[in-house]
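# Summary of structural features
Below are the chains, spelled out letter by letter.
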Amino acid sequence: MTKQQAQSNPNTNGAPSLLISLFCLHRLSDAVPFSLSAYYRICCPFPPLRSPSPTQEKLAMAQGVGMFTVPQTIGSVLCCRCGILMQPNAANMCANCLRSEIDITEGLQKHVIIIFCPECNSFLQPPRTWIKAELESKELLTFCVKRLKNLNTVRMVHAEFIWTEPHSKRIKIKLKVQKEVLHGAILEQAYTVEYVVQDQLCESCARVQANPDQWVAAVQLRQHVPHRRTFFYLEQLILKHDAAKDAIRITQMDQGIDFFFGKRSHGVKFVEFVGKVAPTRSRTDKQLVSQDSKSNTYHYKYTFSVEISPICREDLICLPPKLSVSLGNLGPLVICTKVTNTIALLDPRTLRQCFLDAEQYWRSSFKALLSSRQLTEYMIIDMEEVRSEENVGGSRYVLADAHVARVSDLGKNDRHFIVRTHLGHLLSCGDCALGYDLYSANSNDFELDKYRGVIPDVVLIKKSYEEKRQQRQRKSRSWKLKSLNMEVDDGTRGREHEEKMNTEYEHFLRDLEENPDLRFNLSLYRNKEYEPSMGSVADGDDVPSVPLDELLADLDLGDEESEEDEMVE
Amino acid sequence: MRLYNSKPDEKRLQYENNCEVGVFSKLTNAYCLVAIGGSENFYSTFEAELADVIPVVKTSIAGTRIIGRLCAGNKKGLLLPHNTTDQELQHLRNSLPDSVVVQRIEERLSALGNCISCNDHVALTHPDLDKETEELIADVLGVEVFRQTVAGNILVGSYCTFSNIGGLVHPHTSIEDLDELSTLLQVPLVAGTVNRGSDVIAAGLTVTDWTAFCGSDTTATELSVIESVFKLREAKPSALVDEMRKSLIDTYV
């Protein structure tokens, strides 16, 4: 149908008007300059407009109910600006015209500067927070979007990174935003935001750079005893609980260890940890390093001086009479059986045990009479039980009378002693035991001198496995320990000191083998180089060793293990 | 006031800086009603165009200026709402030609211009109009009355405008609805917009059989749709128009 034909019946009388109306539309579309719309399409490639259609919803509802409805086809109208055919929408303008007229990203930031610390890979969120984030990570995206100021005027639908060279110092983000424009149509537009990254060291990195060994808190752990058993044990405890993970530096000193921390709170936490595992007393001091009196900030160095009590396990102590009386007449000679944050003292003659708090100890600070270095070996000649087995503070003891003689005396002279001991459950005739030789000891102790009563000649402490150890061929153990990363000042000591250290460490390891309750708090790891010996010594009373189920498998990230696994598969 | 002289039979204008000219004026083939405004510009545009053909009358209805939406009429009659004052009624009776029957009707829906859309032969009304009103319309205006909706809107008087030659309806009207309405009204209809995408057609546009007035925000595209459906350019032969269009396309490309 042409226009002439349509015009020949001006009064359309029942003739279908559909064709005419469509025809008009087509005619108008001829006039559209297609190149113009193409231009808009190229330069703003955006998704089409969305328009609400309440009539469609009503239709669906009506059809759902069961009414007869006429299917509605939405016709096309001309865009009011450019005149192309389009579906009618709330603004009655085609997407391109709407975009060219309204820019919803107007007023939004497109160019932002962010500050980055190259040392710790973190970005500054002013005024003072530094946020650690990797390039093209979720945290970085959140941070970048937060830095945009006026984004609350539009609704953000999508955000993603556009790839830029890592060292170009530019980060690009593509954002899709939505906003309601005239007559209720929602327009969606994507735009790019460029971030310029500027390098600046954050305060902590600057401080570290200026002085790499800068510490803020130092904890000086000391114990005034000639041996280092406590520190070996403490080292294992610290490793187990990760108490020194914040330490910048750990130095081994004479009679102690120094720990250096970057923050005062770490130092305090460490001091509290040590206070829970050993009886300590501490004091703290601070020293002014720098100050800014205008803003009233002061930088200090804090020093915590922690002293561990010199009483160790297996020490023989002569209690001062006042303390002895206050503890209920505990015989002045006591053995220290266990040291945690309390000291457990056992009277071997009465099998009474008592516990001393750190505070209580330091109020009447007594020293040990004899310590485990001065243990001598005894041979048990005879054993006679006095009382049946008792459970004292969790451990079993049997009070017995023992007839002992010093191993060094055997064969030489006939000196023997009869002694009351608490080790009746462990020892039997023919065993070796270690104990303190008070008969021949020359002690320089006021309390002992003042004491009027009877001083026993021998105090037995523990069973000796020395012979059996010598019989044993094995050099290596099935387990091993880890150690802290300590700096040791070696220069001044010399070889003797080193040998002394080694023997002490060996004693410590033996201690661990013999005492399961000592092992309880530590982590022991399986030793990979351990080979069980072929001809195992099967004596009646074997040397105590650590059962395999107590050992932890060490995490080994080496290549060898992966090869073994492959072979197994 | 903005005046674009590009199309002689069609004017773009404003009433006191408002583009909704259909609200402040009522145009039929026999007369033209114009609201009283502060400046005479609106009135003088109508006068310049129509004064020698039909009477142009300044009035208010119910004391308001929104006369286009309150009254409905064609060349045979004019219907006024119940709140028209007696003076206004008398003034209109005096000013309009005797062939035009001026009638005040009692109707709950008093914005008759929003409820009734008519030409000289057919009228579309609000579906909830009273039966008596419908009869009155048929009587006074001499038209056939149909109750209809336009694109789901019951205010047919606002969303469509038609003359004896053609009509413009709400842009969301579906094709089936367009068919139906066209069959009822016996004129060609097109779905389009006025005033830069506004879908309230009758507020932005008033037509007679030979001329049309629309708001100054109307774009050229909308204008071309209007003049083609109301056949305002029928003076010019089509071949010339086609050639003109072709040359236009050439310059763009």
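Definitions and cut-offs
- Residues numbered from 1 in each chain as written.
- Chains lettered and ligands numbered in written order.
- Predicted model: local features only at pLDDT ≥ 70, side-chain atom pairs only at ≥ 80, totals over all residues.
- Heavy atoms only, no water.
- Helix = DSSP H or I, 4+ residues; strand = E, 2+ residues; numbered from the N terminus.
- Buried < 20%, exposed > 50% of the residue type's maximum accessible area, 1.4 Å probe, protein only.
- Contact = heavy atoms within 4.5 Å.
- Areas by Shrake-Rupley, 256 points an atom, 1.4 Å probe, with all protein chains shown as cover.
- Pairing = 2+ DSSP bridges.
- Axes fitted to C-alpha atoms, helices over the stretch in contact; angles between N-to-C directions.
- Phe/Tyr/Trp six-rings, centres within 6.5 Å; stacked < 30°, edge-to-face > 60°.
- Lys NZ or Arg CZ within 6 Å of the ring centre and 35° of its normal.
- Polar contact = N/O pair within 3.5 Å; in protein donor to acceptor, adjacent residues only side chain to side chain.
- Disulfide = S-S within 2.5 Å.
- pLDDT = per-residue confidence, 0-100.
- Expected span 1.5 Å × (residues − 1).
- Salt bridge = Lys/Arg side-chain N within 4 Å of Asp/Glu carboxyl O.
- Parallel < 35°, antiparallel > 145°, perpendicular 65-115°, else oblique.
- Left-handed = near helix turned anticlockwise from the far one by under 90°.
- Nonpolar A, V, L, I, M, F, W, Y, C, P; charged D, E, K, R; others polar.

### Let's talk about the overall build of chain A
Broken down by element type, chain A carries 16 helices and 29 strands. Expressed as a percentage of its 569 residues, the buried residues of chain A come to 41%. Contacts in chain A between residues at least 24 apart in sequence constitute 64% of all its contacts with a sequence separation of at least 6. In the structure as shown, chain A presents an accessible area of about 33500 Å², 50% of it carried by carbon and sulfur atoms.

### Concerning the overall build of chain B
Each helix and strand counted, chain B has eleven helices and 15 strands in total. Residues counted as buried form 56% of the 253 residues belonging to chain B. Pairs at least 24 apart in sequence give 60% of the contacts found in chain B among residues at least 6 apart. Summing over all exposed atoms, chain B offers an accessible surface of approximately 10300 Å²; the carbon and sulfur share of this is 51%.

### Notes on the sheet that holds strand β18 (residues 368-370) of chain A
Residues and elements named next belong to chain A. The strand order across the open sheet built from five strands is β17-β16-β15-β14-β18, with neighbouring strands paired in antiparallel fashion. Sheet topology places β17 (352-357) and β18 at the edges, where each strand pairs with a single neighbour. On average, each strand axis in the sheet is tilted by 45 degrees relative to the strand beside it, whichever way the strands run. Across six bridges, the pairing between strand β16 (residues 342-347) and β17 is antiparallel.

### Some words on the pairing of strand β7 (residues 101-104) of chain B
Pairing between strand β6 (residues 77-80) of chain B and β7 of chain B: four bridges, direction parallel. By the bridge assignment for β7 of chain B, leucine 80 of chain B is matched with arginine 104 of chain B.

### Structural notes on the packing of aromatic side chains
Under the counting rule described, the total for this entry stands at 17 aromatic pairs over all chains. Judged by centre distance (4.8 Å) and plane angle (45 degrees), the ring pair of phenylalanine 116 of chain A and phenylalanine 123 of chain A falls under tilted. On the accessibility criterion, phenylalanine 116 of chain A (14% relative accessible area) is buried. Three or more aromatic residues joined by ring pairs make a cluster, and in this case those are Tyr15, Phe24, Phe42, Phe46 and Phe213 of chain B. Taking NZ or CZ as reference, lysine 301 of chain A lies 4.5 Å from the ring centre of tryptophan 215 of chain A, over its face. One cation-aromatic arrangement involves lysine 482 of chain A over tyrosine 525 of chain A; the distance from NZ or CZ to the ring centre is 4.5 Å.

### A short note on the sheet that holds strand β14 (residues 205-207) of chain B
All names here are of chain B. With mixed pairing, the three strands of this open sheet are ordered in space as β1-β15-β14. Since the sheet does not close on itself, it has two edges, and those belong to β1 (10-13) and β14, each with one partner. On average, adjacent strands in this sheet sit at an angle of 15 degrees to one another, irrespective of strand direction. Two elements, β1 and strand β15 (residues 212-215), share four bridges in a ladder whose sense is parallel. Each residue of the ladder has a partner; that of arginine 12, found in β15, is cysteine 214. Helix-sheet contacts for helix α2 (residues 41-50) involve β1 and β15, and the interaxial angle to β1 is about 175 degrees. The sheet contacts of helix α10 (residues 220-229) involve β1, β14 and β15, and relative to β1 the element is tilted by about 140 degrees.

### Considering the side chain of serine 137 of chain A
All names here are of chain A. As for its position among the elements, serine 137 is in the loop between β5 (129-132) and α6 (138-146). For serine 137, a relative accessible area of 14% translates into the label buried. Polar side-chain contacts of serine 137 include one of 2.7 Å to the backbone oxygen of glutamate 134.

### What about the state of the cysteines?
All names here are of chain A. In the structure shown here, the tally under the stated rule is zero disulfides over all chains. Not engaged in a disulfide, the cysteine cysteine 202 finds its nearest cysteine sulfur in cysteine 120; these two sulfurs lie 3.4 Å apart. For cysteine 202, a relative accessible area of 2% corresponds to the buried category. You can see cysteine 336 has no disulfide; the closest cysteine sulfur is in cysteine 312, sitting 7.5 Å from it.

### Remarks on unusual backbone geometry
In the segment running from proline 126 of chain A into proline 127 of chain A, the intervening peptide bond is cis, with an omega of 5 degrees. Mapped onto the fold, proline 127 of chain A is located in the loop between β4 (122-125) and β5. Residues other than glycine seldom take positive phi values, yet glutamine 255 of chain A does so here, at roughly 60 degrees. For glutamine 255 of chain A, the location among the structural elements is in the loop between β10 (247-253) and β11 (256-261). The phi angle at lysine 231 of chain B is positive, at roughly 55 degrees, despite the residue not being glycine. Relative to the helices and strands, lysine 231 of chain B resides in the loop between α10 and α11 (238-252). For lysine 231 of chain B, a relative accessible area of 28% puts it in the partly exposed group.

### Quick look at the confidence of the model for chain B
Interpretation of the predicted coordinates at a detailed level should be avoided for regions scoring low in pLDDT. Residue and element names in this part refer to chain B. When pLDDT is averaged along chain B, the result is 86; 89% of the residues meet or exceed 70. Considering only residues more than four positions removed or in separate chains, one finds that residues 1-7, a stretch of pLDDT under 50, has 13 contacts. Model confidence for the complex is summarised by a pTM of 0.51, with the ipTM given as 0.74.

### Quick notes on helix α8 (residues 229-241) of chain A
Residue and element names in this part refer to chain A. Taking 1.5 Å of rise per residue, 13 residues should cover 18 Å, and α8 covers 19 Å from first to last C-alpha, within 8% of that figure. Counting buried positions along α8 gives ten out of 13 residues, so the element sits mostly inside the fold. When we look at burial in α8, the residues that qualify are Arg229, Thr230, Phe231, Phe232, Tyr233, Leu234, Glu235, Gln236, Leu237 and Ile238. At its buried positions, α8 is contacted by β9 (217-222), β11, α9 (264-277), β13 (297-308), α14 (495-514) and α15 (516-519). With its phi angle positive at about 55 degrees, aspartate 242 sits one or two positions after the end of α8.

### Focus on the pattern of salt bridges
Taken as a whole and judged by the stated rule, the model has 23 salt bridges over all chains. Among the salt bridges present, the one from arginine 196 of chain B reaches glutamate 101 of chain A, with a minimum N-O distance of 2.8 Å. Pair noted here: arginine 196 of chain B is in the loop between β13 (189-191) and α9 (201-204) and glutamate 101 of chain A is in helix α5 (residues 95-101), and the two residues belong to different chains. When its relative accessible area of 32% is taken as the criterion, arginine 196 of chain B is described as partly exposed. A salt bridge links arginine 170 of chain A to glutamate 194 of chain A; its shortest N-O distance comes to 3.3 Å. Pair noted here: arginine 170 of chain A is in strand β7 (residues 170-180) and glutamate 194 of chain A is in strand β8 (residues 186-199), with a separation of 24 residues, a long-range link. Of the residues examined, arginine 170 of chain A reaches a relative accessible area of 34% and is grouped as partly exposed.

### Thoughts on the packing of α8 of chain A against α14 of chain A
Residue and element names in this part refer to chain A. One way to put it is that α8 packs onto α14 with a least axis distance of 10 Å and a crossing angle of 60 degrees. Looking at the two axes, α8 sits oblique to α14. The handedness of the crossing between α8 and α14 is right-handed. Listed contacts from α14 to Arg229, Phe232, Tyr233 and Gln236 of α8 are Met501, Glu504, Tyr505, Phe508 and Asp511. Residues of the contact of α8 with α14, tallied by class, amount to five nonpolar, one polar and three charged.

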